[in-house]
Structure formats: structure tokens, C-alpha cells
Amino acid sequence: RKKYPGFLFGYDAFHKAICLYGEARVIAQLHRNRCNLLPPVSRPTSALCKKHAYKYHAMIQSWVKSGAPNHVHHLSILDAEKSALLSSTQKGDFKEVCQLYEKSIRDSV
């Protein structure tokens, strides 16, 4: 695991993870709708986006466990995004996702 970089740094890991979760959701939705808007050469796979998002998510999780208070709300947002991704790909219930987003809003305040 990457060592916690300090309270002013480390935000790029959160931004990368949130973008990768969003990209994985879009790619999965395009795949479900059989929409080929992107050329095949430049199209990343949903699994590749998820793999990298999980890596950054785990990095932020380890920082929070080691006592990084500035990333607690980032972790709750990423938990909600991960749950939304899993619910959208598995046709799951979005009630839990809404609860996680509400929790992340409360954690951010």
C-alpha cells in the first residue's frame, strides 16, 4: 500500500477513483444497451476501470484506518459509488445506494 502522503495531498487518488467508478458505470450501461459510440481501440473495459477504482478505494481505506481524518468523507462517497456500480450491473435494489449517499452527505458536513 502507498503510504499516506499527508493532509494536503492524496486528493488525486479520490478523484481518480470517483472518475473510474463513473466510467465503469457508463461503459456497463453502454454495453447493456449494445451501443458502440466509442471506437474499439480507445474503449476501456468496465473490468479494467473497476480494477483501478478498487485499487484507489483500498488505498484511501488504508489511509482512513491509519488515522487520516481528511479522507473519511471521501471514503464514504467511494463506498456509495461502489455500491451504485454493483447495483447497476447486477440489477440490484437502489435503496441501500441511496442510504450510502445520504451517509456520505452527512459525513461531508
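Only a predicted model underlies this, so the values are computations on that prediction, with no experimental measurement involved. (Residues numbered from 1 in each chain as written. Predicted model: local features only at pLDDT ≥ 70, side-chain atom pairs only at ≥ 80, totals over all residues. Heavy atoms only, no water.)

Novice: Quick rundown of the overall build of the chain? Include the residues and the values.
Specialist: Scanning the chain from N- to C-terminus turns up four helices and zero strands. Starting at the N terminus and walking to the C terminus, you meet the elements of the chain as α-α-α-α. Put simply, the chain has 109 residues, and 32% of those count as buried. For the chain, the share of sequence-separated contacts (at least 6 apart) that also reach a separation of at least 24 residues comes to 67%. Carbon and sulfur atoms make up 59% of the accessible area of the chain, which totals about 7,100 Å². (Helix = DSSP H or I, 4+ residues; strand = E, 2+ residues; numbered from the N terminus. Buried < 20%, exposed > 50% of the residue type's maximum accessible area, 1.4 Å probe, protein only. Contact = heavy atoms within 4.5 Å. Areas by Shrake-Rupley, 256 points an atom, 1.4 Å probe, with all protein chains shown as cover.)

Novice: Which residues make up the environment of Lys-103, and what are the values?
Specialist: Among the secondary structure elements, Lys-103 is positioned in helix α4 (residues 95–108). Through-space distance from the C-alpha of Lys-103 to that of His-73 is 9.1 Å; in sequence the pair is 30 residues apart.

Novice: Tell me about the nonpolar core, and please be specific about residues and values.
Specialist: Core analysis: the largest hydrophobic core is formed by 18 residues, its most contacted members being Ala-13, Tyr-56, Ile-60, Trp-63 and Leu-78. Going through the elements one at a time, α1 (11–32), α2 (46–65) and α3 (72–89) are the ones with two or more residues in this core. With seven residues, the single largest contributor to this core is α1. Here Leu-78 is in contact with Phe-14, Ala-17, Ile-18, Tyr-21, His-57 and Ile-60, once residues within four sequence places are set aside. (Core = buried A, V, L, I, M, F, W, Y, C linked by side-chain atoms within 4.5 Å.)

Novice: Can you break down the packing of aromatic side chains residue by residue, with the values?
Specialist: Each aromatic ring pair is characterised by the separation of its centres together with the angle its planes make. Throughout the structure, instances matching the rule amount to one aromatic pair. Seen from the ring of Tyr-56, Lys-55 lies directly overhead, with NZ or CZ sitting 4.9 Å from the centre. The lysine or arginine in question, Lys-82, covers the ring of Tyr-54, its NZ or CZ lying 4.8 Å from the ring centre. (Phe/Tyr/Trp six-rings, centres within 6.5 Å; stacked < 30°, edge-to-face > 60°. Lys NZ or Arg CZ within 6 Å of the ring centre and 35° of its normal.)

Novice: Can you break down the packing of α1 against α2 residue by residue, with the values?
Specialist: Relative orientation of the contacting elements α1 and α2 amounts to 150°, with a least axis distance of 8 Å. Classified by the angle their axes make, α1 and α2 are roughly antiparallel. The element α1 and its partner α2 pack so that their crossing is left-handed. Between α1, through Ala-13, Phe-14, Lys-16, Ala-17, Leu-20, Tyr-21, Glu-23, Ala-24, Ile-27 and Ala-28, and α2, the contact on the second element is made entirely by Ser-46, Cys-49, Lys-50, His-52, Ala-53, Tyr-54, Tyr-56, His-57, Met-59, Ile-60 and Trp-63. (Axes fitted to C-alpha atoms, helices over the stretch in contact; angles between N-to-C directions. Parallel < 35°, antiparallel > 145°, perpendicular 65-115°, else oblique. Left-handed = near helix turned anticlockwise from the far one by under 90°.)

Novice: I'd like a description of the pattern of salt bridges, backed by residues and values.
Specialist: Inspection of the entire model under this criterion finds two salt bridges. With a shortest N-O distance of 3.4 Å, Glu-81 and Arg-25 are connected by a salt bridge. Taken together, the residues span a long stretch of sequence, with Glu-81 in helix α3 and Arg-25 in helix α1 at a distance of 56 residues. Its relative accessible area of 12% is what places Glu-81 among the buried residues. (Salt bridge = Lys/Arg side-chain N within 4 Å of Asp/Glu carboxyl O.)

Novice: Describe in detail the confidence of the model for the chain, supporting the description with residues and values.
Specialist: In this model, the chain carries an average pLDDT of 81, and 78% of its residues clear a pLDDT of 70 or more. At the level of individual helices and strands, the chain shows its lowest average pLDDT in α1, which scores 86, and its highest in α2, which scores 91. (pLDDT = per-residue confidence, 0-100.)

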